[in-house]
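Chain residues, written in single-letter form:
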Amino acid sequence: MVTRRTFLGAACSATVLSGCLGDETDSDEQAKSEGDDSEADDGPGYETHLDDLESYDPVDRTGESEVEIVVAPGGDHRFDPDPVMVEELATVTWNWPESGYEIYPLESPDPCGWVGDDHGTGHSWEFPFVGKYEIGCTTSDGEEFSGVMFVVDAD
């Protein structure tokens, strides 16, 4: 039996590997040799979608090294807080009421990282990449919901 997590993990791995293994094109090499600085080297090298922050009113947890997110508080199918904004490398811990829950990335700027968890009643992760993360959850009764987390620079 293939679970959603297994399928998503395989699909993401294939996508990541195809992107990570790609060669520079001739035009990229030519632009570098000609001194074209149209691409700024100070960015993360991927689309962060932090401009979406303006469309949300996230709970600001920047400045905290550890952030807890409660999964399905009071039996409601949601995350608390949601949406939330944390600093990069803060430890984010999700806690849920019983085993059988699964959390997983729906959208993530991290090209080679977090895949979620479906064991026990909690999971922690440090997010080293700045960006917007859409996180999905399947409850023990099979219901699904999602939430949004923004990881921002510590500066």
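Our structure's up above, just so we're on the same page.
This report concerns the structure included in the present document.

Thresholds, definitions, all that
Per-chain numbering applies: the sequence of each chain, read as written, is numbered from 1 onward. Reporting in this predicted model follows two pLDDT cut-offs: at least 70 for local features of residues, and 80 or more for side-chain atom pairs to be given and counted; totals over whole chains, interfaces and linings ignore these cut-offs and use all residues. As a convention, hydrogens and water are excluded, and side-chain values are obtained from all of the structure's heavy atoms. A helix here means a DSSP run of H or I that spans at least four residues, while a strand means a run of E at least two residues long, and both kinds are numbered starting from the N terminus. Burial here depends on accessible area, computed with a 1.4 Å probe over protein chains only, as a share of the maximum for the residue type. Under 20% is buried, over 50% is exposed, and the range in between is partly exposed. Only Phe, Tyr and Trp rings are paired, with Trp represented by its six-membered ring, and only when their centres lie within 6.5 Å; those with planes under 30 degrees apart are stacked, over 60 edge-to-face, the remainder tilted.

Before going further, it helps to spend a moment on unusual backbone geometry. In this chain, D80 is followed by P81 through a cis amide linkage whose omega measures 5°. Checked against the element boundaries, P81 lands in the loop between β3 (79-80) and β4 (84-87). The omega torsion across D82 and P83 is -10°, close enough to zero to call that bond cis. Backbone geometry places A72, a non-glycine residue, at a positive phi of 55°. Note that A72 resides in the loop between β2 (66-71) and β3. The class of A72 is buried, set by a relative accessible area of 5%. Unlike most non-glycine residues, L89 shows phi in positive territory, near 70°. Here L89 shows up in the loop between β4 and β5 (91-95). Judged by relative accessible area, which is 51%, L89 ranks as exposed.

With that out of the way, let us pick up the packing of aromatic side chains. Going through the model one piece at a time under the given rule, you end up with 7 aromatic pairs. Relative to F127, the ring of W94 has its centre 6.0 Å away and its plane inclined at 80°; by these criteria the two rings are edge-to-face. One end of the pair, W94, is in strand β5; the other, F127, is in the loop between β7 (122-126) and β8 (131-138), and 33 residues separate them in sequence. For the pair W94 and F127, one class covers both residues: buried. Taken together, a centroid distance of 4.8 Å and an interplanar angle of 70° make the contact between F127 and Y133 edge-to-face. In this structure, F127 and Y133 share a single accessibility class: buried.

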